[in-house]
Amino acid sequence: MDDFLRWVLLGGLAGWGVVSFLGGLFTPVGGRWSDGQRTIDLRQFGPFVRGECRREGGREIYTGTAQFGRVRLARRDEGKQHLMALGFAEEVTPLIEGELMGRLDLKLRGRQLMGTFEGRRIASGRNPARILSVHRVKKTARIWTRT
């Protein structure tokens, strides 16, 4: 009986892996996307997505999944100059570099990814450099177009 349960569990996990991988194949999002003036380059392996958007003095990094038409990405920002351009004090940039800045929940519709971005508002202190609070902000609509 133990062997049977073990094989059922292993079969279930293998089946989930195959379905997950196929879900990524049905949602091809690898390539170049445009969001207004920004250009986002995404790479995809099965359901796993990784990408970046080069910004002056840094970059935005995207990681997440694509399955059955739905794309979920987390955005992290890097680069001292880029973070300062976002409004953060120079003293605080080491504390927030590479930290989660927001999440995207998008659906693939032809040559567009349409959905929402839920960002984070980070309040910080300068002397000493510290994070005072982190709050979610209202979701905003996003449309990325394949270029």
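Rules of the game
- Residues numbered from 1 in each chain as written.
- Predicted model: local features only at pLDDT ≥ 70, side-chain atom pairs only at ≥ 80, totals over all residues.
- Heavy atoms only, no water.
- Helix = DSSP H or I, 4+ residues; strand = E, 2+ residues; numbered from the N terminus.
- Rg over C-alpha atoms; globule rule 2.2 N^0.38 Å.
- Buried < 20%, exposed > 50% of the residue type's maximum accessible area, 1.4 Å probe, protein only.
- Areas by Shrake-Rupley, 256 points an atom, 1.4 Å probe, with all protein chains shown as cover.
- Lys, Arg positive; Asp, Glu negative; His and termini not counted.
- Charge placed at Lys NZ, Arg CZ, Asp CG, Glu CD.
- Polar contact = N/O pair within 3.5 Å; in protein donor to acceptor, adjacent residues only side chain to side chain.
- Salt bridge = Lys/Arg side-chain N within 4 Å of Asp/Glu carboxyl O.
- Pairing = 2+ DSSP bridges.
- Core = buried A, V, L, I, M, F, W, Y, C linked by side-chain atoms within 4.5 Å.
- Contact = heavy atoms within 4.5 Å.
- Patch = residues over 30% accessible without salt bridge, like charges linked within 9 Å, V, L, I, M, F, W, Y side chains within 5 Å.

A. Layout of the overall build of the protein chain. Each helix and strand in the protein chain was counted, giving three helices and nine strands. Reading the protein chain from its N end, one meets helices and strands in the order α-β-β-β-β-β-α-α-β-β-β-β. Scaling as 2.2 N^0.38, a compact globule of 147 residues should have a C-alpha radius of gyration of about 15 Å, whereas the protein chain reaches 19 Å, well beyond that. Projecting the C-alpha coordinates of the protein chain onto the three principal axes gives extents of approximately 65 × 40 × 25 Å. Per-residue burial over the protein chain gives 33% buried out of 147 residues. A total of about 9400 Å² of accessible surface is found on the protein chain, and carbon and sulfur atoms cover 55% of it. If you average the places of the 26 positive and of the 15 negative side-chain charges in the protein chain, the two averages end up 6 Å apart.

B. Inspection of the side chain of glutamate 52 at higher detail. Checked against the element boundaries, glutamate 52 lands in strand S3 (residues 48-55). One polar contact links glutamate 52 to arginine 54, side chain to side chain, over a distance of 3.0 Å. A polar contact of 2.6 Å, which involves the side chain of glutamate 52, links it to the side chain of arginine 59.

C. Region of interest: the pattern of salt bridges. Evaluated as defined, the whole model comprises 14 salt bridges. In this structure, arginine 75 engages glutamate 60 in a salt bridge whose closest nitrogen and oxygen atoms are separated by 3.7 Å. Of this pair, arginine 75 sits in strand S5 (residues 70-78) while glutamate 60 is found in strand S4 (residues 58-67), placing the two residues 15 residues apart along the sequence. Both residues of the pair, arginine 75 and glutamate 60, belong to the buried class.

D. Expanded view of the pairing of strand S1 (residues 31-35). Pairing analysis gives five bridges linking S1 to strand S2 (residues 38-45), with the strands arranged antiparallel. For arginine 32, the partnering residue across the bridge sits in S2 and is aspartate 41. Adjacent in sequence and paired antiparallel, S1 and S2 are bridged by two residues, among which glycine 36 carries a positive phi angle near 70°. Pairing geometry for S1 and strand S9 (residues 140-146), over two bridges, is antiparallel. The partner of tryptophan 33 across the bridge, within S9, is arginine 146.

E. Region of interest: the nonpolar core. Grouped together as the largest cluster of nonpolar side chains are 16 residues, with contacts concentrated most on Val29, Trp33, Leu113 and Trp144. Among the elements of the structure, S2, S3, S4, S5, strand S6 (100-109) and strand S7 (112-125) are those that each provide at least two residues to this core. The dominant element in this core, judged by the number of residues it contributes, is S6, at three residues. When near neighbours in sequence (up to four residues on either side) are disregarded, valine 29 contacts Leu42, Gln44, Val49, Ala66, Val71, Leu113 and Arg146.

F. A nonpolar patch on the surface, seen in detail. A cluster of nonpolar side chains, contributed by Val18, Val19, Phe21, Leu22, Leu25, Phe26, Phe45, Phe48 and Phe68, occupies part of the molecular surface with about 960 Å² of accessible area. When its relative accessible area of 59% is taken as the criterion, phenylalanine 26 is described as exposed.

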